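Results of the structural survey
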There are 2 protein chains.
Amino acid sequence: MPQANAPRLKAGRPPTTSRAQILAAARGLIDRNGWERLTIRKLAAEIGVGATTLYHHVQDKEDLLFLLINEYGEQVSHSGLPEDPQERVIAAAATIHDALAAWPWAAEVLTTDGFIARLGASPLGLVEAIVAGAIDYGCTPDHAVYVFRSIWYYTVGEILVRSHTARRGGDEAATHRGAFFGNIDAEKLPHLAALGDRWAVLAPRDTYVDGLRAFVDGLLGQGVQAKP
Amino acid sequence: MPQANAPRLKAGRPPTTSRAQILAAARGLIDRNGWERLTIRKLAAEIGVGATTLYHHVQDKEDLLFLLINEYGEQVSHSGLPEDPQERVIAAAATIHDALAAWPWAAEVLTTDGFIARLGASPLGLVEAIVAGAIDYGCTPDHAVYVFRSIWYYTVGEILVRSHTARRGGDEAATHRGAFFGNIDAEKLPHLAALGDRWAVLAPRDTYVDGLRAFVDGLLGQGVQAKP
DNA sequence: GTTAATTTCAGAACGCGTTCGAAAAGTCGG
DNA sequence: CCGACTTTTCGAACGCGTTCTGAAATTAAC
């Protein structure tokens, strides 16, 4: 697992495969078949190499996906955010929302293994903007972390639900309800039963932003440092 | 895949295995080894039966875990909630939080496949309470769904982070930061760099509840129906 | 009593991610 | 030129979830 730009110090068998080549081939396969269907063996076959070879250039399958998303995360712009701390937090979060919505499987990979463990591949400039906004607002560092985490859950959760719903076919609204709740006892759970297929209805982006604004508004003030 | 209490209409080879027996054995193995180490083959061996036999009593491995959690979800109490709609929503959400915190892997299974797809195994009485509270408050049905979803992300996200952090050893705080962000460029991301190991700090339950209160406060009012 | 239908059981096999150990293909010090 | 050393490659194998196919065991029908 050599560093990307490590200087060639010692010699060895010359590589026929490079990490960049692997990533490019993976991108191609994902674009064609979807990322669920990407397998290490097929990827190796695509390059024309043994499957185990890949493990010298990439740690894991997860690592492979991580690297792919990382490139995407670095491309997301984080310029032109408002000066006002609270507005900056909201705008940065909404930008993350839109970026993840544009590439839904990024959110799925980002949330594997504990929801924020893979955060390093997210658009870090925007994460920085949220934390910075919270601290400029007057939050303690610990609370700034908490503010970000809460926003992250709220944002990524919505994206995951959308991509999950999008992956299902169009007319399966009834299936949705069944998949969510199974057979609801209308006696015991009248409101859930009355909701019917509305459960599958996705909220528009504006609803997300409005909720975000209300959320941030309450959340920021909660952790402001006592001033002397 | 026969119904649990289906009347015996047609005959056939008498079963040596029952779904209840499978679930009980799975519970035992999970209690002993943790749910990550539960495999279909080991479970079948524990019962003393071929691996493929299990697939006649259970749809999937996911289905198996779903059934296990379902039993747990049904046991969680949802009585004694406050009358006031907003307070009811908050109390119900906090109860879900505590129930999931007490059995962290339940949250992990509940969030597989799109975050709310497995919602049917959650404590449905509490889900009902949240939706009912939102509607009593005056929200439209669609917004009540959105309110619940947002609370769900916020709550389960926190639980997932906790269980993920708990699974890691004690003194690996430094590892945490590395795992989260890799090598941070302190020039470009000064606030993230300054946070250092604080990222791994878990918020106390009170912080969650305070944030929840602020969240619900803003979220409920946003979707109130226009009154004639 | 025999046959048909039906249900459960299990061995073999598939593709998957991943690991192990050995072989291949170079550079380097002598 | 020649062995040490290093790095890359790859076939074989493991355990996994799952499917296929056929055998076993029972009741229902005649």
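The rules behind the values
Residues numbered from 1 in each chain as written. Chains lettered and ligands numbered in written order. Predicted model: local features only at pLDDT ≥ 70, side-chain atom pairs only at ≥ 80, totals over all residues. Helix = DSSP H or I, 4+ residues; strand = E, 2+ residues; numbered from the N terminus. Buried ≥ 20, exposed ≤ 12 C-beta atoms within 10 Å, placed from the backbone. Contact = placed C-beta atoms within 7 Å. Near = placed C-beta within 6 Å. Nonpolar A, V, L, I, M, F, W, Y, C, P; charged D, E, K, R; others polar. Expected span 1.5 Å × (residues − 1). Least-squares fit on C-alpha atoms with pLDDT ≥ 70 in both. Domains from an automatic or database assignment. UniProt positions renumbered as here; feature names shortened; annotations may be inferred. Axes fitted to C-alpha atoms, helices over the stretch in contact; angles between N-to-C directions. Parallel < 35°, antiparallel > 145°, perpendicular 65-115°, else oblique. pLDDT = per-residue confidence, 0-100.

1. Here's the deal with the overall build of chain A
- Each helix and strand in chain A was counted, giving ten helices and zero strands.
- Mapped in sequence order, the helices and strands of chain A form the string α-α-α-α-α-α-α-α-α-α.
- Burial analysis of chain A (228 residues in total) assigns 38% to the buried set.
- Here the analysis covers contacts within chain A between residues at least 6 apart in sequence; of these, 68% occur between residues at least 24 apart.

2. Describing the protein's contact with DNA strand C
- As a matter of local geometry, DNA strand C sits amid 27 residues, with A:Ala11, A:Thr39, B:Gly12, B:Arg13 and B:Gly50 nearest to it.
- For the surface near DNA strand C, the secondary-structure elements that each account for two or more residues are α2 (40-47) and α3 (61-75) of chain A.
- The residue inventory of the surface near DNA strand C, partitioned by class, reads nine nonpolar, ten polar and eight charged.

3. Topic: the interface of chain A and chain B
- Contacts between the two partners involve 46 residues from chain A and, on the opposite side, 46 residues from chain B.
- Of all the elements in the fold, those that place two or more residues in the side of chain A that touches chain B are α6 (124-137), α7 (141-167), α8 (173-181), α9 (190-195) and α10 (205-222) of chain A.
- Per element, the largest residue contribution to the side of chain A that touches chain B is twelve residues, and it comes from α7(A).
- Taken together, the residues of the side of chain A that touches chain B sort by class into 28 nonpolar, eleven polar and seven charged.

4. Here's the deal with helix α4 (residues 85-102) of chain B
All names here are of chain B.
- With 18 residues, α4 should cover 26 Å at 1.5 Å per step; its first-to-last C-alpha distance of 26 Å lies within 8% of that length.
- Of the positions making up α4, those classed as buried are Val-89, Ile-90, Ala-91, Ala-92, Ala-93, Thr-95, Ile-96, His-97, Ala-99 and Leu-100.
- Lining the buried residues of α4 we find α5 (104-110), α6 (124-137), α7 (141-167) and α10 (205-222).

5. A short note on the protein's contact with DNA strand D
- Neighbouring residues of DNA strand D: 25 residues in total, closest A:Gly12, A:Arg13, A:Gly50, A:Thr52 and B:Ala11.
- Considering each element in turn, the surface near DNA strand D owes the most residues, three residues, to helix α2 (residues 40-47) of chain B.
- Each residue belonging to the surface near DNA strand D can be placed in one class, and the counts come to eight nonpolar, ten polar and seven charged.

6. Observations concerning the relation of the copies chain A and chain B
- The transformation that overlays chain A on chain B combines an axial shift of 0.0 Å with a rotation of 180 degrees, and the residual RMSD is 0.0 Å. On the angle and the small slide along the axis, the relation comes out as a two-fold axis. By C-alpha distance to the rotation axis, the residue of chain A lying nearest is A:Phe215, at 2.4 Å.
- Interface overlap between copies is the fraction of interface residues in one copy that are interface residues in the other; for chain A against chain B it reaches 100%, indicating a shared surface.

7. Regarding the domain arrangement of chain A
- By domain assignment, chain A separates into domain 1 (19-58) and domain 2 (78-222).
- Measuring from the centre of the C-alpha atoms in domain 1 of chain A to the corresponding centre in domain 2 of chain A gives 31 Å.

8. Notes on the environment of A:Leu126
All names here are of chain A.
- Structurally, Leu-126 can be placed in helix α6.
- Each C-alpha atom of the pair Leu-126 and Ser-77 lies 8.2 Å from the other, and the pair is 49 residues apart in sequence.
- Setting aside chain neighbours within four positions, we find Leu-126 in contact with Val-76, His-78, Ala-92, Thr-95 and Ile-96.

9. Concerning the UniProt feature "domain: HTH tetR-type" (unreviewed entry) in chain A
- Annotation from UniProt places "domain: HTH tetR-type" (unreviewed entry) at residues 16-76 of chain A.
- Strand forms 0% of residues 16-76 of chain A and helix 62%; the C-alpha atoms that close the span are 32 Å apart.

10. Some details on the UniProt feature "DNA-binding region" (unreviewed entry) in chain A
- This chain's UniProt record puts "DNA-binding region" (unreviewed entry) on residues 39-58 of chain A.
- Strand forms 0% of residues 39-58 of chain A and helix 40%; the C-alpha atoms that close the span are 14 Å apart.

11. Some thoughts on the environment of B:Gly34
- Take B:Gly34: it is sitting in the loop between α1 (19-33) and α2.
- For the pair B:Gly34 and B:Trp105, spaced 71 residues apart in the sequence, the C-alpha separation amounts to 9.1 Å.

12. Here's the deal with the packing of helix α1 (residues 19-33) of chain A against α3(A)
Residues and elements named next belong to chain A.
- The contact between α1 and α3 brings their axes to 10 Å, and the two run at 85 degrees. Of the possible angle classes, the one that applies to α1 and α3 is roughly perpendicular. Two secondary-structure elements touch here, α1 through Leu-23, Ala-26 and Arg-27 and α3 through Leu-64, Leu-67 and Leu-68.
- Looking at the contact of α1 with α3 residue by residue, the classes come out as five nonpolar, no polar and one charged.

13. Considerations on α3(A)
All names here are of chain A.
- For α3, with 15 residues, the first-to-last C-alpha span of 22 Å sits near the 21 Å given by 1.5 Å per residue.
- Among all positions of α3, only Leu-64, Leu-65, Phe-66, Leu-68, Ile-69 and Gly-73 are buried.
- For α3, the secondary structure elements touched by its buried residues are α1, α5 (104-110) and α6.

14. Some details on the environment of B:Val131
- Tracing the backbone through its elements, the reader meets B:Val131 in helix α6.
- We classify B:Val131 as buried; it has 25 C-beta atoms within 10 Å.
- C-alpha of B:Val131 to C-alpha of B:Leu195: the two residues are 64 residues apart in sequence and 37 Å apart in space.
- Residues in contact with B:Val131, not counting those within four places in the same chain, are A:His191, A:Leu192, A:Leu195, B:Ala144 and B:Phe148.

15. Some words on the confidence of the model for chain A
Residue and element names in this part refer to chain A.
- Overall, the prediction assigns chain A a mean pLDDT of 86, with 89% of residues at 70 or greater.
- Within chain A, no element has a lower average pLDDT than α8, which sits at 52, and none a higher one than α2, at 97.
- Per-residue pLDDT stays below 50 along residues 2-7; that stretch engages in one contact with residues further than four places along the chain or on separate chains.
- Across residues 170-177 the pLDDT falls below 50, and counting only partners more than four positions away or on other chains, this stretch makes eleven contacts in the model.

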